[in-house]
Amino acid sequence: MIENGNQLKGYIQRETNKYKINSNYGYNYYFTRAFLEKLYNNISMKLVLKGSYSQFIRLGKIERPLTDIDIITFNRIEEAKEQIDKIIINNNNDDDIKFKIINQFTTTNATLNYKILCDFDGKTGRISIDLKREELLDYSASSVPLLFAEDKNFNTQSISIEEHLASKLYVVLLHLKLYTILSREFRRLKDFFDIHTILGSSKIDEYKVFEILERKIKQDEFLRDYDLQGPLFKHSFIETNKNNWEIDKKKYQFLTPTTINEAIDVTNDFISKKR
């Protein structure tokens, strides 16, 4: 059992060495997991995990360190915010980890972002939470896998691997159109790595993926005329983004050696199954 800050420091160093990830990511994982456990053990409304944590839950492993927490509510944002704020503010004095809201703001896509300071006996870290309202998701009850030695099981709700993969495909298609039509820099290369990881690590219901993807595309005014003709990501796109891929590989600490060619070929091949 971890009882003080020095023990936590040694614990994080040991655990991150096992996975060959930066210790800062280890603290982030430790604090985000602790926050989620507190949240799901105390919340009275249904909240569903998306993003990197949903991928971790569905695959049972990590291929790059976990970062932010993405949460979906089916209620009004204000109602979910009220309950989350209450859990943070009413932290018991005898809790090992103290959580404190240091900033809250709403983004342009109606997402409420939390910046939270975490403190365990002087060892601190900051975690980020995105809270958004959605009406339609494929999700189910799920248990968070064990990764570090001191992890404990707790139950959550999280999106299916098909919903997660469809979201990744939707995002890269949207950013491809911005890249092609508006000449914007492509900033979502890590999603290709995640798509490559998902398709190589899990049994996928392809019909469900394309059903969800089509719904997302039809609901997007910018993409609704997309016909998915390909290959969508061409050789010129790969060549232009090779250097950025290497930058992201280091920044996000891809744990499996994967080239941009491999990741994009897998994405193109999967999308081509729709035709």
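Residues numbered from 1 in each chain as written. Predicted model: local features only at pLDDT ≥ 70, side-chain atom pairs only at ≥ 80, totals over all residues. Heavy atoms only, no water.

**Let's talk about the overall build of the protein**
Alright, step 1. When helices and strands are counted, the protein shows 9 helices and 7 strands.
Alright, step 2. In terms of overall size, the protein behaves like a compact globule, its C-alpha atoms giving a radius of gyration of 19 Å where 275 residues would be expected to give roughly 19 Å.
Alright, step 3. Seen along its three principal axes, the alpha-carbon backbone of the protein occupies a region of about 60 × 40 × 35 Å.
Alright, step 4. Looking at the 275 residues of the protein, the share that counts as buried comes to 49%.
Alright, step 5. Pairs at least 24 apart in sequence give 67% of the contacts found in the protein among residues at least 6 apart.
Alright, step 6. Summed over its atoms, the accessible surface of the protein is roughly 14100 Å², and 45% of this surface lies on carbon and sulfur atoms. (Helix = DSSP H or I, 4+ residues; strand = E, 2+ residues; numbered from the N terminus. Rg over C-alpha atoms; globule rule 2.2 N^0.38 Å. Buried < 20%, exposed > 50% of the residue type's maximum accessible area, 1.4 Å probe, protein only. Contact = heavy atoms within 4.5 Å. Areas by Shrake-Rupley, 256 points an atom, 1.4 Å probe, with all protein chains shown as cover.)

**Things to note about the environment of His196**
Alright, step 1. Within the secondary structure layout, His196 lies in helix 6 (residues 189-201).
Alright, step 2. Here the alpha-carbon distance between His196 and Thr258, two residues 62 residues apart in the chain, equals 8.6 Å.
Alright, step 3. Setting aside its immediate chain neighbours within four residues, His196 contacts Thr258, Glu262, Ala263 and Val266.

**Focus on empty space enclosed by the protein**
Alright, step 1. In the structure shown here, the tally under the stated rule is 2 cavities of 30 Å³ or more.
Alright, step 2. Taken as a whole, the largest cavity encloses approximately 130 Å³ of empty space.
Alright, step 3. Breaking the lining of the largest cavity down by element, the ones donating at least two residues are helix 3 (51-59), helix 5 (161-181) and helix 6.
Alright, step 4. Top contributing element to the lining of the largest cavity by residue count: helix 3, with 5 residues.
Alright, step 5. Split by residue class, the lining of the largest cavity holds 5 nonpolar, 5 polar and 5 charged.
Alright, step 6. By volume, the second largest cavity amounts to about 40 Å³.
Alright, step 7. Around the second largest cavity sit Ile21, Tyr25, Tyr29, Ile62, Pro65, Leu66, Leu147 and Phe148, which together line it.
Alright, step 8. Here the residues of the lining of the second largest cavity are counted per class, giving 8 nonpolar, no polar and no charged. (1 Å grid on protein atoms, 1.4 Å probe; cavity = no way out; pocket = protein on both sides within 12 Å on 5 of 7 lines; lining within 4 Å. Points joined across faces, edges and corners; volume = space filled by probe spheres on them. Nonpolar A, V, L, I, M, F, W, Y, C, P; charged D, E, K, R; others polar.)

**Examining the layout of surface pockets**
Alright, step 1. There is about 1400 Å³ of room inside the largest pocket.
Alright, step 2. Taken together, 37 residues make up the lining of the largest pocket; nearest its centre are Lys50, Asp70, Asn109, Lys132 and Val171.
Alright, step 3. Among the elements that make up the lining of the largest pocket, the one with the highest residue count is helix 5 (7 residues).
Alright, step 4. Of the residues belonging to the lining of the largest pocket, the class tally is 8 nonpolar, 13 polar and 16 charged.
Alright, step 5. Roughly 660 Å³ of internal volume is contained in the second largest pocket.

**Concerning a nonpolar patch on the surface**
Alright, step 1. On the surface, a cluster of nonpolar side chains totalling about 270 Å² of accessible area is made up of Ile181, Leu182 and Phe222.
Alright, step 2. Here Ile181 shows up in helix 5.
Alright, step 3. Classification of Ile181 by relative accessible area gives exposed; the value is 53%. (Patch = residues over 30% accessible without salt bridge, like charges linked within 9 Å, V, L, I, M, F, W, Y side chains within 5 Å. Salt bridge = Lys/Arg side-chain N within 4 Å of Asp/Glu carboxyl O.)

**Looking at the packing of aromatic side chains**
Alright, step 1. Across all of its chains, the model carries 21 aromatic pairs by this definition.
Alright, step 2. Arranged with centres 4.7 Å apart and planes meeting at 65°, the rings of Tyr29 and Phe148 form a pair that is edge-to-face. Of the two residues, Tyr29 is situated in helix 2 (residues 23-42) and Phe148 in the loop between strand 6 (139-143) and strand 7 (155-159); the sequence distance between them amounts to 119 residues. Taken as a pair, Tyr29 and Phe148 share a single burial class, namely buried.
Alright, step 3. Between Phe193 and Phe254 the ring centres are 4.1 Å apart and the planes differ by 5°, which places this aromatic pair in the stacked class. You can see Phe193 sitting in helix 6 and its partner Phe254 sitting in the loop between helix 8 (235-251) and helix 9 (260-272), a full 61 residues away along the chain. Phe254 matches Phe193 in its accessibility class, with the two residues each being buried.
Alright, step 4. Here the aromatic residues Tyr11, Tyr19, Tyr27, Tyr29, Tyr30, Phe31, Tyr53, Phe56 and Phe148 are joined through ring pairs into a cluster of three or more.
Alright, step 5. Looking at Arg64, its charged tip hangs above the ring of Tyr252, at a distance of 5.8 Å from the centre. (Phe/Tyr/Trp six-rings, centres within 6.5 Å; stacked < 30°, edge-to-face > 60°. Lys NZ or Arg CZ within 6 Å of the ring centre and 35° of its normal.)

**Comments concerning the packing of helix 8 against helix 9**
When two helices pack together, their arrangement is given by the angle between the helix axes and the distance between those axes.
Alright, step 1. The geometry of helix 8 relative to helix 9 is characterised by a closest axis approach of 10 Å and an angle of 130° between their N-to-C directions. By the criterion of interaxial angle, the relationship of helix 8 to helix 9 is oblique. The two elements helix 8 and helix 9 meet at a crossing, and its hand is right-handed. Across the interface between the two elements, Phe237, Ile238, Asn241, Lys242 and Trp245 of helix 8 pack against Ile260, Asn261, Ala263 and Ile264 of helix 9. (Axes fitted to C-alpha atoms, helices over the stretch in contact; angles between N-to-C directions. Parallel < 35°, antiparallel > 145°, perpendicular 65-115°, else oblique. Left-handed = near helix turned anticlockwise from the far one by under 90°.)

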